[in-house]
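Analysis of the macromolecular model
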Amino acid sequence: KQWYQRRVAITAGIVKERYPNFADALKDLDDALCLVFLFSTMPRQGRVQPGIINKCRILAVEFMHYVVAARCLKKVFVSIKGIYIQVEIDGNDVSWIIPHQFTTPPPSNIDFRVMLSFLEIYTTVLSFVNFKLYSNLNLIYPPKALEDVFTEKSHVYYGDDIYRERLESLNITLAGVQREEDEEDIDEELLTGDDNLEGMKKVRQEEEQFKNLFKDCKFFLSREVPREVLALVIRSLGGEVSWSSESSVASTYPETDTDITHQIVDRPSQSHQFLSRCYVQPQWVFDSVNQRKLVLVDEYVAGCALPPHLSPFTRAEVYVPPEQVELLERPLKDIEEVKSDLTPEEKKLVIMAMPKKRKILYNKMVHSNKKKDSAVNKLKRKRVELDESRKKKKVPTATLR
């Protein structure tokens, strides 16, 4: 016990020296979240102790509950490595990867001692960050369900398995603390002369609309879809979500509810369908988030070929798919090389006259540009081959029902 207390004190001191304030901890939160979410999905019978896995799982669930409560979700992208999530916290963009829900044995060529050393620091950092984030939203920490605050179950989050499953479902409302806060009244008459006032109001309006993207939607998740990520995304943008009570706890309404607007499925056919709702695939939710609007469900109906899932993290200087160009509100301008008036012979003379350090830097820049161009050309060739193969095949058309 004394060794453990000394170890905790040393780790807390290291964290305090490395992150003297909360803003510094937020800037380095990406690596902490990636490592904590990775260890939270580790197999229980492996090279990592179950206590460490449980601690990482608890911290990950606490952070996802904050994202739901604060509605700070910005981007989602599903890849082979996992699901990329980006949120905005106090003006800082925080991105991390949620691994797919597939239990894979850890590789034997990895030294877990180094990773566990970093994990010990990152779990301490994330514990402090979660406490601060919950305090900013006036939420009780550790999290407690609102309907169970006045019951005995509210104090056994780490012991009661059923209560813990309810919190891990991300489908409950957290209890908060009532505090008196002074509202800051801003006199708009003083800002009438500001040209950016209307622009700021418009941006704020768009952000509020995006936070309530799924406000008028009521979802039901089938058992074959990734429930945790979909619940995180849907509830972060104001939507209601539920699933079958037989598959998991915290189900709020049954499948027969007539108010359900969308049912997320991942099977080509359904045994029974309700005419009052749309049956869409999970990609519809993610594409709606990235496009910041509810996209048409015609291309996402169960059983039809899905459109390309475009990355919202694409930069303008790299290859951009044609669908991405069409979705952008402003057209992308190709980056053109600066044309010089020098002839090739004069250009060679200029390069020869360069100092050695500048010549090395210039050669590195040329090599980097050629590498980027070759990667872009490779993607363009693959896209042409894909379009040609699609023309030969008959892609099934989407139907609304």
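The sections below set out a description of the structure shown in this document. (Residues numbered from 1 in each chain as written. Predicted model: local features only at pLDDT ≥ 70, side-chain atom pairs only at ≥ 80, totals over all residues. Heavy atoms only, no water.)

1. Describing the nonpolar core
Of all hydrophobic cores here, the largest spans 76 residues; its most connected members are Phe63, Val87, Trp96 and Phe214. Ranked by residues supplied to this core, first place goes to helix 4 (residues 50-70) with 10 residues. Those residues within four positions of Trp96 in sequence are excluded, and the remaining contacts are Asp30, Leu33, Cys34, Phe37, Phe63, Val67, Ile83, Tyr84, Ile85 and Val87. (Core = buried A, V, L, I, M, F, W, Y, C linked by side-chain atoms within 4.5 Å. Buried < 20%, exposed > 50% of the residue type's maximum accessible area, 1.4 Å probe, protein only. Helix = DSSP H or I, 4+ residues; strand = E, 2+ residues; numbered from the N terminus. Contact = heavy atoms within 4.5 Å.)

2. Some thoughts on the packing of aromatic side chains
All chains considered together, the criterion is met by 12 aromatic pairs. Geometrically, the ring pair formed by Phe219 and Trp284 is tilted, given 6.2 Å between the ring centres and 45° between the ring planes. Residue Phe219 is found in strand 4 (residues 218-221), and its partner Trp284 is found in helix 9 (residues 283-291); the two are separated by 65 residues along the sequence. Across the pair, exposure class does not vary: Phe219 and Trp284 are buried alike. Lying over the aromatic face of Tyr253, Lys218 brings its terminal NZ or CZ to 4.4 Å of the ring centre. Here the guanidinium or amino end of Arg292 rests over the ring plane of Phe210, the centre of that ring lying 4.0 Å away. (Phe/Tyr/Trp six-rings, centres within 6.5 Å; stacked < 30°, edge-to-face > 60°. Lys NZ or Arg CZ within 6 Å of the ring centre and 35° of its normal.)

3. Some details on the packing of helix 3 (residues 29-40) against helix 4
Contact geometry for helix 3 and helix 4: axes closest at 8 Å, N-to-C directions at 125°. If you check the angle between helix 3 and helix 4, you find them oblique. Of the two possible hands of crossing, helix 3 and helix 4 adopt the one that is left-handed. Two secondary-structure elements touch here, helix 3 through Leu29, Leu33, Val36, Phe37, Phe39 and Ser40 and helix 4 through Ile53, Cys56, Arg57, Leu59, Ala60, Phe63 and Met64. (Axes fitted to C-alpha atoms, helices over the stretch in contact; angles between N-to-C directions. Parallel < 35°, antiparallel > 145°, perpendicular 65-115°, else oblique. Left-handed = near helix turned anticlockwise from the far one by under 90°.)

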